[in-house]
2 protein chains.
Amino acid sequence: MPAINPARLLGDLRALAEIGKYKTGVHRPTLSPDDLRARAFLVERLHAAGLEVEQDGIGNILGRSRVKGKVMLAGSHLESQNHAGWLDGALGVIYALEAARALSEDPATAHLGVDVASWCDEEGHFGHFLGSRSAIGLVTEEEIDKASDRTDGRPLRQALAAAGLAGKPRLKLDPARYAGYFEAHIEQGDTLDSSGLQIGVVTAIVGNWRYDISVKGEQNHAGTTRMAIRKDAAVGLIRLCNAIHDGLAAVAGPRTVWTFGKITLDPGSANIVPGGAELVFHFRDADPALLPVLEKTLHDLVAAADAAGPCRFSIREVSKSKPALMDEGFQAALDKAAERHAPGKHLRLPSGAGHDAQYLARVMPAAMLFVPSIGGISHHWRENTRDEDIVRGAQVFTSAIAGVLRS
Amino acid sequence: MPAINPARLLGDLRALAEIGKYKTGVHRPTLSPDDLRARAFLVERLHAAGLEVEQDGIGNILGRSRVKGKVMLAGSHLESQNHAGWLDGALGVIYALEAARALSEDPATAHLGVDVASWCDEEGHFGHFLGSRSAIGLVTEEEIDKASDRTDGRPLRQALAAAGLAGKPRLKLDPARYAGYFEAHIEQGDTLDSSGLQIGVVTAIVGNWRYDISVKGEQNHAGTTRMAIRKDAAVGLIRLCNAIHDGLAAVAGPRTVWTFGKITLDPGSANIVPGGAELVFHFRDADPALLPVLEKTLHDLVAAADAAGPCRFSIREVSKSKPALMDEGFQAALDKAAERHAPGKHLRLPSGAGHDAQYLARVMPAAMLFVPSIGGISHHWRENTRDEDIVRGAQVFTSAIAGVLRS
């Protein structure tokens, strides 16, 4: 079984963490100067690993193996959320690189190949999983034309030109080349950390169904308008949210989550009965059969509120992502490798967050491995994982890929 | 009984409505150029009515009667809310002027006097009932130093200097001069209009008790944080608001009102479990005994939510105004005049909105008369009252003042 090099692995991760360093994390937005420096670092490491490097027109980087036959695709992303953690994304890219290096260095596996991918903008500064979606043919030129940075408004075209990528062709993956796709990531939750576990084997990436809910009442003077005749949009929304929280709990699965992300009252003034209210809401689950049940519950509650009055309620679907099931054989390979390197300390679990693997899973078998996040902290510069967990995860990741490619 | 002059009354109101006209309303913020024009208009009319005019250092205008003996103080305010109605405030000032004129023109009442007041900034552009509070000694120089326009930030000192009022002494009312205070106002609610009534006799101006309520939870990733371990400030606030709405309803009086004016989730992002939530809340009632019961209910509910966890809840008192009881004898005088001019079409009711009369009532007997607001619309340029209701109200107002002064 190929052995990873812990010092090299941690050294590469630490070197990446210096690029765009922010407190103990990093600030490396997509196609920012620091992101470009991180990309240059990766390109150099891919060359050093003997891979053939391609940078495409949407900012993906692919280090291709030179071996014959089917290879494994593996990767994640280099950019970070604003002022966020050093491992979110970077860990998966360096795991893929280390797997490629470890396989090539072991005579028993030197004939097996790993293509190392860094997908552009998984963190959504300019769009929605732009790199991985582009690689499976889901991004149009028009979408790129329209995209701009959510923080500073810079057009994506301008950012790509500044990175020297304007006019370059976009990568289109050939599924026939690949045995499948492996991605590693920090858990971003506390399931592993709070249970003393070391490895998570992802069963599915949840579907995320988003809605905007509006309440239309009647704006009035908060002193002179009697309760009995008010059409108070705040009260309407409070009642509805309460019903949603109870109603979803009644039909939810053990890992269903839902979030009241944003509430806005109009006009939002101390002395005025709000005439309008808006709610940004979403729920997630990995079970394709449960998501429509949750949606029906939500629609029924909104309709019941509207029928009861006195306010009018409406709901608008914003987006619905499909749950992505991870390949059963790949999960078994990860279980087997985890049992060797972390006996009794691994768990199968769904991923509540989205990952590039959910798009790769549409065109090839896919798998994900999680390592513990200390305290479950995510999208914050305090995000961290213990060195021994990082090293162990890379070994399990590499062993599982070797196991699949050998079988 | 002195008769008012309907054409003169409506003419003055219409002339005022041309100053700062906005659609069918007015935009006349305190000490704005249009407010200064309105003040100049009033000063001219007070002189024409034979009154002795004083403009004080906080922007109050007082037209003093020249008769001997106790006189009635009457008035309201000239400035408007931003882009608001033509009658809110102006009606009460012109009613007072018309009462002064009508009494002086009738030989039977020419020995009775009315002082006409325009209180500065009842609408709170710079502060909180600055003019009437100043006139009863409740405004310090420090408060004036610190005050600035809530819309454009202009310091009050600068606005007063621009109006030529810098350094002028501030009016200090001598209660011994007055039989009491009368104020007329549009109802700003729909009680009269929806019942086909013509005159409201105010029993009390409600107390308005305001609070900021904070929820402290824990910010987390909305996909990866299981429901069971969340400390979701949005859910905490939704539950608490629901309990407040039910809890206050259980102890409220028939005219108690409460309003969830503003809700803020922190950070208020679709994909993040809110770590904090803020609520701007208030309730109002005219019953001095009920307000503490409502407050205790609120405090108990916040404490219960805090004890239940997992979020922490806190409540901060922002302000508490005392309910102001209107003088029983004055109410009887208004009832009697209303029964003469609007037989069977008058009602006693509390005022849910605040008015200068609540401060004048602290130093002398006070009364308020309401005329119907069409559709109950208030603080909006569509605010309106029928001409016949305006005329009838002025007659009732004048008759009641004459009745009190004669008694």
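For the structure, see preceding data.
Residues numbered from 1 in each chain as written. Chains lettered and ligands numbered in written order. Predicted model: local features only at pLDDT ≥ 70, side-chain atom pairs only at ≥ 80, totals over all residues. Heavy atoms only, no water.

What follows concerns the sheet that holds strand 11 (residues 257–266) of chain B. All names here are of chain B. Overall, antiparallel pairing links the four strands, which are arranged 11-13-9-14 in an open sheet. Each of the sheet's edge strands pairs with one partner strand only, and the pair in question is strand 11 and strand 14 (312–320). Taking each pair of neighbouring strands and ignoring which way they run, the sheet shows an average axis angle of 15°. Strand direction decides the pairing type here: strand 9 (residues 207–216) and strand 14, joined by eight bridges, are antiparallel. Paired with V215 across the strands is F313, a residue of strand 14. (Pairing = 2+ DSSP bridges. Helix = DSSP H or I, 4+ residues; strand = E, 2+ residues; numbered from the N terminus. Axes fitted to C-alpha atoms, helices over the stretch in contact; angles between N-to-C directions.)

This next bit is on the pairing of strand 13 (residues 276–285) of chain B. If a strand is regular, its side chains alternate between the two faces of the sheet. Residues and elements named next belong to chain B. Burial runs high along strand 13: eight of the ten residues are buried. Inspection of the sheet shows strand 9 paired to strand 13 by ten bridges, in the antiparallel sense. Within the sheet, the bridge partner assigned to S214 lies in strand 13 and is E278. As paired elements, strand 11 and strand 13 share nine bridges and run antiparallel to each other. Its bridge partner being in strand 13, I263 is matched across the sheet by L279. (Buried < 20%, exposed > 50% of the residue type's maximum accessible area, 1.4 Å probe, protein only.)

This part covers unusual backbone geometry. Residues and elements named next belong to chain B. With an omega of 5°, the peptide bond running from D266 to P267 counts as cis. Mapping P267 onto the fold places it in the loop between strand 11 and strand 12 (272–273). Cis rather than trans, the peptide bond between G309 and P310 has omega equal to 0°. The residue P310 is located in the loop between helix 9 (290–308) and strand 14 in this model.

A separate point is the sheet that holds strand 13 (residues 276–285) of chain A. Residue and element names in this part refer to chain A. Spatially, four strands are ordered 11-13-9-14 in an open sheet, and the strand pairing comes out antiparallel. The two strands at the open ends of the sheet, each matched to only one other strand, are strand 11 (257–266) and strand 14 (312–320). Taken over all neighbouring pairs, the strand axes of this sheet differ in orientation by 15° on average, direction set aside. Across the sheet, helix 8 (residues 233–251) touches strand 9 (207–216), strand 11, strand 13 and strand 14, and the angle it forms with strand 13 is around 10°. (Contact = heavy atoms within 4.5 Å.)

What follows is about the environment of A96(A). Residue and element names in this part refer to chain A. Here A96 shows up in helix 3 (residues 90–105). For the pair A96 and A184, spaced 88 residues apart in the sequence, the C-alpha separation amounts to 8.1 Å. Residues in contact with A96, not counting those within four places in the same chain, are A74, G75, V114, V116 and F397.

This part is about the relation of the copies chain A and chain B. Once chain A is rotated about the relating axis by 180° and shifted along it by 0.0 Å, it coincides with chain B to within an RMSD of 0.1 Å. Those values place the two copies in the arrangement expected of a two-fold rotation axis. Scanning chain A for the C-alpha nearest the rotation axis identifies I238(A), at a separation of 2.9 Å. Most of the interface of chain A is mirrored in chain B, where 98% of its interface residues again form contacts. (Least-squares fit on C-alpha atoms with pLDDT ≥ 70 in both.)

Turning our attention to the side chain of T385(A). Residue and element names in this part refer to chain A. Of note, T385 is situated in the loop between strand 17 (366–371) and helix 12 (387–406). In terms of polar contacts, T385 uses its side chain to reach the backbone carbonyl oxygen of P372, at 2.8 Å. When near neighbours in sequence (up to four residues on either side) are disregarded, T385 contacts L87, I186, V371, P372, S373, I374 and I390. (Polar contact = N/O pair within 3.5 Å; in protein donor to acceptor, adjacent residues only side chain to side chain.)

Residues and elements named next belong to chain B. Helix 9 packs onto helix 8 (residues 233–251) with a crossing angle of 150° between their chain directions and a minimal axis gap of 10 Å. In terms of axis orientation, helix 8 runs roughly antiparallel to helix 9. Of the two elements, helix 8 crosses helix 9, and the hand of that crossing is right-handed. Together, L240, A243, I244, G247, L248 and V251 of helix 8 and L290, V293, L294, T297, L298, L301, V302 and A305 of helix 9 make up the contact between the two elements. Split into classes, the residues belonging to the contact of helix 8 with helix 9 amount to twelve nonpolar, two polar and no charged. (Parallel < 35°, antiparallel > 145°, perpendicular 65-115°, else oblique. Left-handed = near helix turned anticlockwise from the far one by under 90°. Nonpolar A, V, L, I, M, F, W, Y, C, P; charged D, E, K, R; others polar.)

Nothing here speaks to function; it is geometry throughout.
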